[in-house]
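# Report on the structure
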Amino acid sequence: MGMSDAQRAFRRHRWGSLTPEAMDIETGICEAINRCPELEGMLEIDWVADRTTAYRVGWCIVKYPGVTFRIGRRLLELASPDGYVMPPPEFRLSRETEPTAEEMYRAPMLQPWSLTLFQSGARPAEWQLSGIVYHPSWDCITEWFRLLYLNRDKRMALTDRGWMKLGRRFAS
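Owing to the predicted nature of the structure, the values given are computational and were not obtained by experimental measurement.

## A few points about the state of the cysteines
- One pass over the structure, following the stated rule, counts zero disulfides.
- In this structure Cys-36 is a free cysteine whose sulfur lies 8.9 Å from that of Cys-60, the closest cysteine sulfur available.

## Points about the packing of aromatic side chains
- All told, the structure shown has three aromatic pairs when counted by the stated rule.
- With centroids separated by 6.1 Å and ring planes inclined at 80°, the aromatic side chains of Tyr-55 and Trp-59 adopt a geometry described as edge-to-face. Of this pair, Tyr-55 and Trp-59 both sit in helix 4 (residues 51-61), four residues apart, which is roughly one turn of the helix.
- Put simply, the rings of Tyr-55, Trp-59, Phe-91 and Trp-127 pair up and form one aromatic cluster.
- The ring of Tyr-84 carries Arg-169 above its face, with NZ or CZ at 4.3 Å from the centroid.

## Focus: the pattern of salt bridges
- Here the structure, examined in full by the defined rule, presents eight salt bridges.
- Residue Glu-143 is joined to Arg-161 by a salt bridge in which the shortest nitrogen-to-oxygen separation is 3.6 Å. On the criterion of sequence distance, the pair formed by Glu-143 in strand 3 (residues 142-151) and Arg-161 in the loop between strand 4 (156-159) and strand 5 (162-166) is long-range, its members being 18 residues apart.
- Sharing partners across several salt bridges, the network here consists of Arg-123, Glu-126 and Arg-146.

## Topic: unusual backbone geometry
- A cis amide bond, omega -15°, links Gln-111 with the succeeding residue Pro-112.
- Relative to the helices and strands, Pro-112 resides in strand 1 (residues 109-118).
- In this model, Arg-155 sits at a positive phi of 55°, which is unusual for a non-glycine residue.
- You can see Arg-155 is positioned in the loop between strand 3 and strand 4.
- For Arg-155, a relative accessible area of 43% gives the class partly exposed.

Rules and cut-offs
- The residue count restarts for each chain, going from 1 along the sequence in the order it is written.
- Only residues with pLDDT of 70 or above have their local features reported here, since the model is predicted, and side-chain atom pairs are shown and tallied only from 80 upward, although totals for entire chains, interfaces and linings are computed over all residues.
- For the side-chain quantities, the full set of heavy atoms in the structure was used; hydrogens and water were omitted.
- When two cysteine sulfur atoms lie within 2.5 Å, the pair is treated as a disulfide.
- In this scheme Phe, Tyr and Trp rings, the latter by its six-membered ring, pair at centre separations within 6.5 Å, and the angle between planes marks the pair as stacked below 30 degrees, edge-to-face above 60, and tilted otherwise.
- The secondary structure listing takes helices from DSSP runs of H or I that are at least 4 residues long and strands from runs of E that are at least 2 residues long, numbered from the N terminus.
- The rule is short: NZ of Lys or CZ of Arg within 6 Å of the ring centre and within 35 degrees of the ring normal puts a charge over the ring.
- By definition here, a salt bridge exists when the distance from a side-chain nitrogen of Lys or Arg to a carboxyl oxygen of Asp or Glu is within 4 Å.
- Only protein chains enter the accessibility calculation, which uses a 1.4 Å probe. A residue is then buried if its area is under 20% of the maximum for its type, exposed if over 50%, and partly exposed in between.

Encoded structure:
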């Protein structure tokens, strides 16, 4: 059962406001269980605050908007070995998964690039790819694209504007 408004107000007054970006794995999982009671059935009774549990809980709650999404994204950041959240290998919003030889040749290069799990308002979360676009027919500016598929082997991404070559990743 979730917390009531009075319980949340008491906790904020007593401990202060805790932002999701400042949470560790254990605090994030506890807060996720308070906000999403269905997680109790998914976790073992004696769950351990480790990367595997953070990964499972994080992917379960990023589907919700607002603070719950931010807690899930924070858990995914803590669960990833280098702190960068990447889509799972099975992520695919397109039937197309392999660029053709011509698409590989004509694709613009993004360098440096960044991949962000983004959510705003009541809209569901989506993966956004950004970077400086290098191509003769494009202006050399920073653009944001919606990610549809990430081909890790070829270092290419299918976006809402077509295939993009991925150069060096932006270190944030």
